[in-house]
Amino acid sequence: MYTQALNARDTEAGAVEDADRVAAFQARVDAEEKIEPNDWMPEGYRKTLVRQISQHAHSEIVGMLPEGNWISRAPTLKRKAALLAKVQDEGGHGLYLYSAAETLGVSREELTEQLLSGKAKYSSIFNYPTLTWADIGAIGWLVDGAAIMNQIPLCRCSFGPYSRAMIRVCKEESFHQRQGYELLLEMVRSSEEQKEMVQDALNRWWWPSLMMFGPSDTDSQHSAQSMAWKIKRFTNDELRQKFVDATVPQAHYLGLTIPDDKLSFNEATGHWEFGEIDWDEFMRVIAGNGPCNRERLAARKKAHADGAWVREAALAYSRKRADRREAARHAAE
Amino acid sequence: MTSDLFTYTLRLADDAAILGQRLGEWCGHAPTLEEDIGLANVALDHIGQARNLYSYAGEVEGAGRDEDQLCFLRKEREFGNCLLVEQPNGDFAQTIARQLFFSAFMLPFWRKLTGSRDETLAAIAAKAEKEAAYHLRHSGEWTIRLGDGTAESRARMQDAIDLLWPYTGELFEVDGVVERLVADGIAVDPETIRDEWHATLRRVCDDATLTLPPVGWMQSGGRSGRHSESFGHLLSEMQYMQRAYPGMRW
Amino acid sequence: MTEKTTPLWEVFIRSRTGMAHRHCGSVHAADAEMALQAARDVYTRRGEGLSIWVVPSSEIIASDPAQKDELFEPTASKIYRHPTFYEIPEEVGNM
Ligand SMILES: [Fe+2]
Ligand SMILES: [Fe+2]
Ligand SMILES: [Fe+2]
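Overview of the structure. (Residues numbered from 1 in each chain as written. Chains lettered and ligands numbered in written order. Predicted model: local features only at pLDDT ≥ 70, side-chain atom pairs only at ≥ 80, totals over all residues. Heavy atoms only, no water.)

If you tally the helices and strands in chain A, you get twelve helices and two strands. The linear arrangement of helices and strands in chain A, starting from the amino end, is α-α-α-α-α-α-α-α-α-α-β-β-α-α. Relative to the compact-globule value of 20 Å for 333 residues, chain A shows a C-alpha radius of gyration of 22 Å, a close match. For chain A, the C-alpha atoms occupy an extent of roughly 80 × 55 × 35 Å along the three principal directions. In chain A, buried positions account for 60% of the 333 residues. (Helix = DSSP H or I, 4+ residues; strand = E, 2+ residues; numbered from the N terminus. Rg over C-alpha atoms; globule rule 2.2 N^0.38 Å. Buried < 20%, exposed > 50% of the residue type's maximum accessible area, 1.4 Å probe, protein only.)

The next subject is the pattern of salt bridges. Under the definition given, this model contains 43 salt bridges over all chains. D15 of chain B is paired through a salt bridge with R223 of chain B; the nearest N and O atoms lie 3.1 Å apart. On the criterion of sequence distance, the pair formed by D15 of chain B in helix α1 (residues 2-24) and R223 of chain B in the loop between α9 (194-207) and α10 (229-238) is long-range, its members being 208 residues apart. The closest approach of N and O atoms between D41 of chain C and R40 of chain C, which form a salt bridge, is 2.7 Å. On the accessibility criterion, D41 of chain C (3% relative accessible area) is buried. Each of E67, K86, E90 and D144 of chain A takes part in salt bridges that share partners, so that together they form one network. (Salt bridge = Lys/Arg side-chain N within 4 Å of Asp/Glu carboxyl O.)

This brings us to the interface of chain B and chain A. By convention, interface size is frequently given as the accessible area that disappears when the constituent parts associate. Taken together, the contact pairs 45 residues of chain B with 48 residues of chain A. Taken over both partners, the interface formed by chain B and chain A buries close to 4,100 Å², and the fraction arising from carbon and sulfur atoms is 67%. Broken down residue by residue, the surface that chain B buries against chain A is led by L33, R249 and W250 of chain B, which jointly contribute 18%. Residues D148 of chain B and K320 of chain A are paired through a salt bridge, measuring 3.1 Å at the closest nitrogen-oxygen approach. Our count for the contact surface shared by chain B and chain A stands at 17 residue pairs in polar contact (both at pLDDT 80 or more). Within the residue set of the side of chain B that touches chain A, elements represented by two or more residues are α1, α2 (33-61), α3 (67-72), α5 (92-113), α6 (119-147), α7 (151-164), α10 and α11 (240-244) of chain B. Residues of the side of chain B that touches chain A, tallied by class, amount to 23 nonpolar, ten polar and twelve charged. (Contact = heavy atoms within 4.5 Å. Buried area = accessible area lost by both parts, 1.4 Å probe. Polar contact = N/O pair within 3.5 Å; in protein donor to acceptor, adjacent residues only side chain to side chain. Nonpolar A, V, L, I, M, F, W, Y, C, P; charged D, E, K, R; others polar.)

With that settled, the discussion passes to the coordination of the iron ion (ligand 3). In an ideal tetrahedron of four donors about a metal, each angle is 109.5 degrees. In an ideal octahedron of six donors, the angles are 90 or 180 degrees. Residue and element names in this part refer to chain A. Ligation of the iron ion (ligand 3) by protein atoms is provided by E90 (OE), D144 (OD), E173 (OE) and H176 (ND1), these donors lying 1.9 to 2.2 Å from the ion. Summarised as a motif, the one-chain spacing of the donors to the iron ion (ligand 3) is E-x53-D-x28-E-x2-H. The distance between the iron ion (ligand 3) and the iron ion (ligand 1) comes to 3.3 Å, and E90 binds to both of them. Separated by 32 residues along the polypeptide, D144 in helix α6 (residues 133-154) and H176 in helix α7 (residues 160-190) bring together distant segments of the chain. (Donors = N, O, S within 2.8 Å, 3.2 Å for Na, K, Ca; no water.)

Enumeration according to the criterion identifies 25 aromatic pairs over all chains in this entry. Ring plane angle 85 degrees and centroid distance 5.6 Å describe the contact between Y45 of chain A and W229 of chain A, whose orientation is recorded as edge-to-face. Here Y45 of chain A, found in helix α2 (residues 43-62), pairs with W229 of chain A, found in the loop between α9 (223-228) and α10 (236-253); they are 184 residues apart in sequence, far enough to count as distant. On the basis of relative accessibility, which here comes to 0%, the residue Y45 of chain A falls in the buried class. Relative to F231 of chain B, the ring of F79 of chain B has its centre 5.7 Å away and its plane inclined at 70 degrees; by these criteria the two rings are edge-to-face. Of this pair, F79 of chain B sits in the loop between α3 and α4 (83-86) while F231 of chain B is found in helix α10, placing the two residues 152 residues apart along the sequence. You'll find F79 of chain B and F231 of chain B in the same group, each marked buried. Between the NZ or CZ atom of R73 of chain A and the centre of the ring of W70 of chain A, over which it lies, the distance is 3.7 Å. Looking at R40 of chain C, its charged tip hangs above the ring of Y134 of chain B, at a distance of 3.6 Å from the centre. (Phe/Tyr/Trp six-rings, centres within 6.5 Å; stacked < 30°, edge-to-face > 60°. Lys NZ or Arg CZ within 6 Å of the ring centre and 35° of its normal.)

Here you go:
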């Protein structure tokens, strides 16, 4: 889903691959056959997948933090349960995706290390702060909404484990978006003050949500290869347009104004046309200079460091128990 | 009698709500991804129990207060949860010790409460009993691994047990409310649970190579609204929205 | 700091529908009991299962994709194993 930073070029293409094998591989992909972990695959395909899947996994994990920020302050018990279940689901998504990446020969520990060292990227959206309760609704509606747009085509991705993980994820996502939208609906209907909170949240989350789809197709060199490999089914701009077309009427239903004075409906094409995305901001946040990049990484590092002794203890116990069993067997012989 | 039942149900609701609140704080910060998801499940069980219990308490009271008014609009001195559940998460060992002490009590407690003459409490207990059985398994298995893991984990787990032990006495407290409801066949006499509770802890601690402290001086006060200093902070966070925006729908 | 790796386990769930255990994903856990708990917590949050198997991933023996043809091609020609290979007059009824 969060494929936006994928578009870096693979410079380390490496050894020349057997043209026949590459052609046979492409033929399988073209025939919509699924590629499985032990199958031969071009090195570029493998690398692209590891990068995309792990980046997606990191996004799910870091994505737990902005929403997690409101679990302790949810206004009702019903909302608290829904939010906690939702954030927990995101952890599950990260787990499914790490597992899919692991089938390609990278361990969870390596992937975690890449995130914590800052080497791996994650979606820029999670570097924005959640300032009010309305942000929780806006994230469910817009961020999960954008994620769903991205993820549905990934269910048909050529790589089996990724596609299966995405099918599982997509089944869980629709509750995320619905709980967000319902929450906003309740707020705009309840009072003018709450409606203002919702509008404020939309103002802050709209543009970052559009950025979630990644750079414009004209600036996105990697797209064509990913499309040929059926890792990607639609271009960034196609998905972004789909998202805008779906979301604008939903915003109007809430009685909200999209913070874009260039927004207009084109009767001829049937699409909503929108203004220019601030790509400087996008590049800045991706590069590490968004409002919360440092906090997000620090929180992940802290959880990892604080948990080290627990993970070590569990491993030590399992070794001890195996040793004891071994000793008991020797004694019995 | 009605006000006894209200008080009793409310205490159970407060226990569940406050423990759920504390466990929810772990989300996104647990030692492993698997455990992050596991702790959230335990938290969700408690939030679910709290909702049922608050709703029933509100019904019993008959003053029109719903689950959220009871959870988010009462003050510190009105909360009747035991001190154990409000103790800060601390490190993972402290969270596990809190969970072990509490679930080792709540499993036989809910089982007995399924025989309550109050049908609603009995029904809530039937569901909660299954949840508590898993909570006990989860915390018991972790206690064993931390206790019999590394030198560091053993020290941390023993410290956690020692730290939280004085908060277990309150689980067995009987005041007039409990006494009258026990006599009426509605509440559980905690004294009937003590042996099983202690045996469970002994078994787990033996496996974990940990020492259970002797029964000595015990903390008290939660049931009558005298809480830990940290509790007010928990409430100010938990109740922030309802306090800042009174009377709104969410 | 390179961390010691926690073993990977494959998770199989039998759903309510009476179907066989089915592979649904994997978890990391130090031992079997922890793997079982993790599998329960991760993969049965929506009432998906009634029974769980966990198997150390390292214990799975997989067929070699390079041998796909010799393993699976030969069955393709044995169409006489399929019921539609045989013609039964309609008057005979369902068979
Ligand atoms: Fe997700
Ligand atoms: Fe996602
Ligand atoms: Fe989601």
